[in-house]
Amino acid sequence: MDVNAAVAALAAIAGVCTGVIAMLAFRWSERDQARPTRTSLHTDAVLPPGVDTVLSVLRSSAVVLDESDSVVKASSAAYALGLVRGGKLAVEPMLNMARDTRRDGEIRQVELDLPRRGTGRGEALAVSARVAPLGSRLVLLLVEDLTEARRIEAVRRDFVANVSHELKTPTGALSLLSEAVMDASDDPEAVTRFAGRMQIEATRLTNLVQELIDLSRVQNDDPLEDSEPVRVDELVAEAIDRSRHTASTKQITMASGGTADLHVWGSRGQLAAALGNLVENAVNYSPARTRVGIAARRVAAPGGDLIEIAVTDQGIGISEKDRERIFERFYRVDPARSRATGGTGLGLAIVKHVAASHGGEVTVWSTEGQGSTFTLRLPEAGAARRNRGSGAETGLDPDFDLDPELDSGFDPDFDSEFGAEFDAAPGTAASASPTPPIS
């Protein structure tokens with residue numbers, strides 16, 4: 001009987017202990033669930049209602065930080081700019097701004113230059129950062145990328161400065177020459193000489209104004225609005241006619257050839273101006289008694305066939321450092337020669353804009369002292385592709401044969417289209433880097 005009572009007492013004690021332990025475990029579990037965790041701080045639930053929706057439609061990069069400087073919410077643009085890495089804000093000045101705002105509740109804004117990720121050229125991102133409190137313990141950071149806006153502003157500022165300088169030169173010369181004519185009114189020979197100089201400066205001023213108008217037009221006009229299939233041989237013939245007088249004066253022979261009956265799609269006026277500028281430059285920068293060649297061909301490309309029009313000269317050539325800048329407005333390889341030829345430095349900029357607006361590109365291959373090849377690549381017109389094989393006669397000779405003396409000025413990647421006569425001799429421009437392949 002005593003044994004049974006002892007067993008019952010032990011069982012009762014064990015039950016009471018089990019109940020107490022279960023109650024304590026339940027209480028501990030409730031308290032643990034109520035405690036905020038690091039994971040819960042990183043969920044969207046801690047954001048005030050509606051903030052998540054607002055952040056998703058903002059164009060600015062958005063980052064929300066909690067009291068421990070951990071990222072609660074960040075937009076994809078913030079990751080793309082490299083602002084957030086490993087769940088932390090990676091830009092120390094912005095992090096300091098966030099801490100100051102969390103401490104005193106004041107809104108702060110600053111412009112910063114950040115290193116661009118993925119480039120080794122020291123390029124910087126210009127950004128505007130604005131920090132504001134969001135609720136009682138969160139901080140909102142908005143970052144606007146100003147890089148493109150600054151670049152456009154710099155281009156506009158440089159353009160205005162260059163235009164002012166270029167316009168000042170001929171207008172100043174005209175003013176001085178007019179004074180000289182007045183002072184030499186009793187000397188017919190001096191008047192004639194000064195009047196001739198005035199005509200030259202007036203022509204230079206007229207050309208500059210016209211090219212400014214052309215550049216503005218190709219930048220603002222959509223070539224697809226008045227586009228049409230344009231015959232390449234007609235463009236070549238028009239470009240040759242445009243420079244025929246200058247070439248004749250310098251005894252420069254102009255030859256055309258390549259594949260016949262090619263068509264491109266676009267604005268005839270803009271395309272004629274672009275090719276005309278390339279041919280005119282080739283003539284102006286070539287020595288007397290040399291040759292300038294214009295050749296066209298079709299090349300296959302992943303997005304559709306392209307038409308390549310190459311303009312080759314035997315001129316002074318272009319150095320490697322200058323090749324990177326020759327398509328900039330008002331940039332000239334040889335300013336002294338440009339003054340002698342009346343160049344404005346806008347011709348190649350116009351060519352670049354025309355090519356880009358037509359879905360193409362312009363490239364240059366050159367060797368100093370041996371010549372240059374400018375290649376204009378444009379998409380082929382669909383009508384021309386459908387009419388392939390028609391064998392229509394054009395003004396271009398498909399068996400175009402160049403004088404061997406001109407070979408050294410041609411892009412070596414361009415010779416296979418026209419026969420063995422294009423093969424450059426050893427030690428000539430063929431040893432230089434060829435035109436980059438079409439991507």
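Residues numbered from 1 in each chain as written. Predicted model: local features only at pLDDT ≥ 70, side-chain atom pairs only at ≥ 80, totals over all residues. Heavy atoms only, no water.

## Some words on the overall build of the protein chain
Consideration 1: Within the protein chain, the secondary structure is distributed over 13 helices and 14 strands.
Consideration 2: Sorting the 439 residues of the protein chain into buried and exposed places 40% on the buried side.
Consideration 3: Across the protein chain, the fraction of contacts at a sequence separation of at least 24, relative to all contacts at a separation of at least 6, is 65%.
Consideration 4: Accessible surface, the protein chain: about 24,100 Å² in total, of which carbon and sulfur atoms supply 54%. (Helix = DSSP H or I, 4+ residues; strand = E, 2+ residues; numbered from the N terminus. Buried < 20%, exposed > 50% of the residue type's maximum accessible area, 1.4 Å probe, protein only. Contact = heavy atoms within 4.5 Å. Areas by Shrake-Rupley, 256 points an atom, 1.4 Å probe, with all protein chains shown as cover.)

## Let's talk about the nonpolar core
Consideration 1: Counting 45 residues, the largest nonpolar core has Val232, Val264, Val292, Ile294, Val311 and Phe374 as the members making the most contacts within it.
Consideration 2: Elements supplying a minimum of two residues to this core: helix H7 (188–220), helix H8 (232–249), helix H9 (268–284), strand E11 (291–299), strand E12 (306–313), helix H12 (347–357), strand E13 (361–367) and strand E14 (371–379).
Consideration 3: The element best represented in this core is H9, accounting for eight residues.
Consideration 4: Within the second largest apolar cluster, 23 residues are counted, among which are Val71, Leu81, Leu125 and Val139. (Core = buried A, V, L, I, M, F, W, Y, C linked by side-chain atoms within 4.5 Å.)

## Structural notes on the packing of H8 against H9
Consideration 1: Between H8 and H9, the shortest axis-to-axis distance is 8 Å and the interhelical angle comes to 40°. Put simply, H8 runs oblique to H9. The two elements H8 and H9 meet at a crossing, and its hand is right-handed. On the side of H8, the interface is formed by Glu234, Leu235, Val236, Glu238, Ala239, Arg242, Ser243, Thr246 and Ala247, while H9 contributes Arg268, Leu271, Ala272, Ala273, Leu275, Gly276, Asn277, Val279, Glu280, Val283 and Asn284.
Consideration 2: The residue makeup of the contact of H8 with H9, split by class, is ten nonpolar, five polar and five charged. (Axes fitted to C-alpha atoms, helices over the stretch in contact; angles between N-to-C directions. Parallel < 35°, antiparallel > 145°, perpendicular 65-115°, else oblique. Left-handed = near helix turned anticlockwise from the far one by under 90°. Nonpolar A, V, L, I, M, F, W, Y, C, P; charged D, E, K, R; others polar.)

## Brief notes about the sheet that holds strand E1 (residues 61–65)
Consideration 1: In space, the five strands of this open sheet follow the order E2-E1-E7-E6-E5, with antiparallel pairing throughout. The two strands at the open ends of the sheet, each matched to only one other strand, are strand E2 (71–74) and strand E5 (108–115). The average undirected angle you get between the axes of adjacent strands in this sheet is 25°.
Consideration 2: Pairing analysis gives five bridges linking E1 to strand E7 (residues 138–145), with the strands arranged antiparallel. (Pairing = 2+ DSSP bridges.)

## Observations regarding the sheet that holds strand E9 (residues 253–258)
Consideration 1: The five strands are arranged E9-E11-E12-E14-E13 in an open sheet whose pairing can be described as mixed. Lying at the two open borders of the sheet, with one neighbouring strand each, are E9 and E13. Taking each pair of neighbouring strands and ignoring which way they run, the sheet shows an average axis angle of 15°.
Consideration 2: Across the sheet, H8 lies against E9, E11 and E12, angled at about 170° from E9, the strand it touches most.

## A short note on the packing of H9 against H12
Consideration 1: The geometry of H9 relative to H12 is characterised by a closest axis approach of 9 Å and an angle of 140° between their N-to-C directions. As for the relative orientation of H9 and H12, their crossing is left-handed in sense. On H12, the residues that touch Gln270, Leu271, Ala274, Asn277, Leu278 and Asn281 of H9 are Gly347, Leu348, Ile350, Val351, Val354 and Ser357.
Consideration 2: By residue class, the composition of the contact of H9 with H12 is seven nonpolar, five polar and no charged.

## Topic: the pattern of salt bridges
Consideration 1: Inspection of the entire model under this criterion finds 20 salt bridges.
Consideration 2: A salt bridge links arginine 137 to glutamate 67; the nearest nitrogen and oxygen atoms lie 3.0 Å apart. Taken together, the residues span a long stretch of sequence, with arginine 137 in the loop between strand E6 (124–134) and E7 and glutamate 67 in the loop between E1 and E2 at a distance of 70 residues.
Consideration 3: The shortest N-O distance in the salt bridge between arginine 242 and glutamate 280 comes to 2.8 Å. Placement of the pair is arginine 242 in helix H8 and glutamate 280 in helix H9, with a sequence separation of 38 residues.
Consideration 4: The network of salt bridges with shared partners includes Arg231, Asp233, Glu234, Glu238, Asp261 and Arg268. (Salt bridge = Lys/Arg side-chain N within 4 Å of Asp/Glu carboxyl O.)

## A few points about the environment of methionine 254
Consideration 1: Inspection of the secondary structure assignment puts methionine 254 in strand E9.
Consideration 2: In this structure methionine 254 comes out as buried when scored by relative accessible area, which is 17%.
Consideration 3: Separated by eleven residues in the primary sequence, methionine 254 and serine 243 have C-alpha atoms spaced 9.2 Å apart.
Consideration 4: Excluding residues that lie within four positions of it along the chain, methionine 254 makes contacts with Ile240, Ser243, Arg244, Ala247, Val279, Val283 and Val292.

## Quick notes on the pairing of E1
Two faces belong to every sheet, and in a regular strand the side chains alternate between them.
Consideration 1: Taken across its five residues, E1 has five buried, putting it largely inside the fold.
Consideration 2: Along E1, one buried face is formed by Ser61, Val63 and Leu65 and the opposite face, lined by Ala62 and Val64, is buried too.
Consideration 3: One ladder, built from three bridges, connects E1 with E2; its direction is antiparallel. Considered in E2, the bridge of valine 64 is made with lysine 73.

## Observations concerning helix H5 (residues 92–104)
Consideration 1: Spanning 13 residues, H5 covers 19 Å between terminal C-alpha atoms, matching the ideal 18 Å at 1.5 Å per step.
Consideration 2: Within the sequence span of H5, burial applies to Met94, Leu95, Met97, Ala98 and Thr101. For H5, the angular spread of buried residues about the axis comes to 160°, placing them on one side.
Consideration 3: The elements touched by buried residues of H5 are E1, strand E4 (88–89), E5, E6 and E7.
Consideration 4: Glycine 105 occupies a position one or two residues after H5 and carries a positive phi of about 75°. (Expected span 1.5 Å × (residues − 1). Arc of directions from axis to C-beta.)

## With respect to unusual backbone geometry
Consideration 1: Notably, aspartate 69 is not glycine yet its phi reads approximately 65°, a positive angle.
Consideration 2: Checked against the element boundaries, aspartate 69 lands in the loop between E1 and E2.
Consideration 3: What makes aspartate 69 buried here is its relative accessible area of 11%.

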